[in-house]
Amino acid sequence: MIGPQERWYRFAARRRRRTGVHVPAHPSYRCRDCGDAWPCPQARLCLLIGFQGDRVGLMVYLAAHLARALEELPETHPALIAGQILHWVPRRY
Ligand SMILES: [Zn+2]
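The structure presented is a predicted model; accordingly, all values stated were derived computationally and were not measured.

A few points about the confidence of the model for the protein
Item 1. With 90% of its residues at a pLDDT of 70 or more, the protein shows a mean pLDDT of 89.
Item 2. Per-residue pLDDT, averaged within each element of the protein, yields its smallest value for helix H1 (residues 4–18) (69) and its largest for helix H4 (residues 78–85) (97).

So this is what it looks like as structure tokens:
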């Protein structure tokens, strides 16, 4: 059994590991790390590198985020949300 001090250290270590990860916060769809609209420039770079030229796979992934963002942001015009989440992907990369 661990004491409260050890639990605190483990909790703090988990939080430190999470910084620098540019993932969307819900329901605002802003970056958890930098606060920009998601995907922020760092997240875009990570997505482009992560999908390694698989544009279709990236678009399917972003479409899933678009569907969730449309549900979470009912007050925002859908075209603005689509522009934020989809329209940054280069035609070729
Ligand atoms: Zn970010």
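Here we look at the environment of Gly-53
Item 1. Along the chain, Gly-53 falls in the loop between helix H2 (41–51) and helix H3 (55–72).
Item 2. On a C-alpha basis, the gap between Gly-53 and Met-1 in space is 48 Å, while along the polypeptide they are 52 residues apart.

Topic: the packing of H3 against H4
Item 1. It is at 10 Å that the axes of H3 and H4 come closest, and there the two elements cross at 145 degrees. At the point where H3 passes H4, the crossing takes the right-handed sense. Counting all contacts with H3, which are made through Leu-62, His-65, Leu-66, Ala-69 and Leu-70, the residues of H4 involved are Pro-78, Ile-81, Ala-82 and Ile-85.
Item 2. The residue makeup of the contact of H3 with H4, split by class, is eight nonpolar, one polar and no charged.

Concerning the nonpolar core
Item 1. Grouped together as the largest cluster of nonpolar side chains are seven residues: Tyr-29, Cys-31, Trp-38, Ala-43, Leu-62, Ala-69 and Ile-85.
Item 2. Ignoring sequence-local partners within four residues, the contact set of Ala-43 consists of His-22, Cys-31 and Trp-38.

Considering unusual backbone geometry
Item 1. Residues His-26 and Pro-27 are joined by a peptide bond in cis, for which omega reads 5 degrees.
Item 2. Inspection of the secondary structure puts Pro-27 in the loop between H1 and H2.
Item 3. Positive phi, normally seen in glycine, also occurs at Tyr-29, with a value near 55 degrees.
Item 4. The topology assignment puts Tyr-29 in the loop between H1 and H2.
Item 5. Backbone geometry at Gln-52 places phi at a positive 45 degrees, although glycine is not the residue there.
Item 6. Within the secondary structure, Gln-52 is located in the loop between H2 and H3.
Item 7. By C-beta crowding, Gln-52 is classed as exposed, having 9 other C-beta atoms within 10 Å.

Rules behind the numbers
Residues numbered from 1 in each chain as written. Predicted model: local features only at pLDDT ≥ 70, side-chain atom pairs only at ≥ 80, totals over all residues. pLDDT = per-residue confidence, 0-100. Helix = DSSP H or I, 4+ residues; strand = E, 2+ residues; numbered from the N terminus. Axes fitted to C-alpha atoms, helices over the stretch in contact; angles between N-to-C directions. Left-handed = near helix turned anticlockwise from the far one by under 90°. Contact = placed C-beta atoms within 7 Å. Nonpolar A, V, L, I, M, F, W, Y, C, P; charged D, E, K, R; others polar. Core = buried A, V, L, I, M, F, W, Y, C linked by C-beta atoms within 7 Å. Buried ≥ 20, exposed ≤ 12 C-beta atoms within 10 Å, placed from the backbone.

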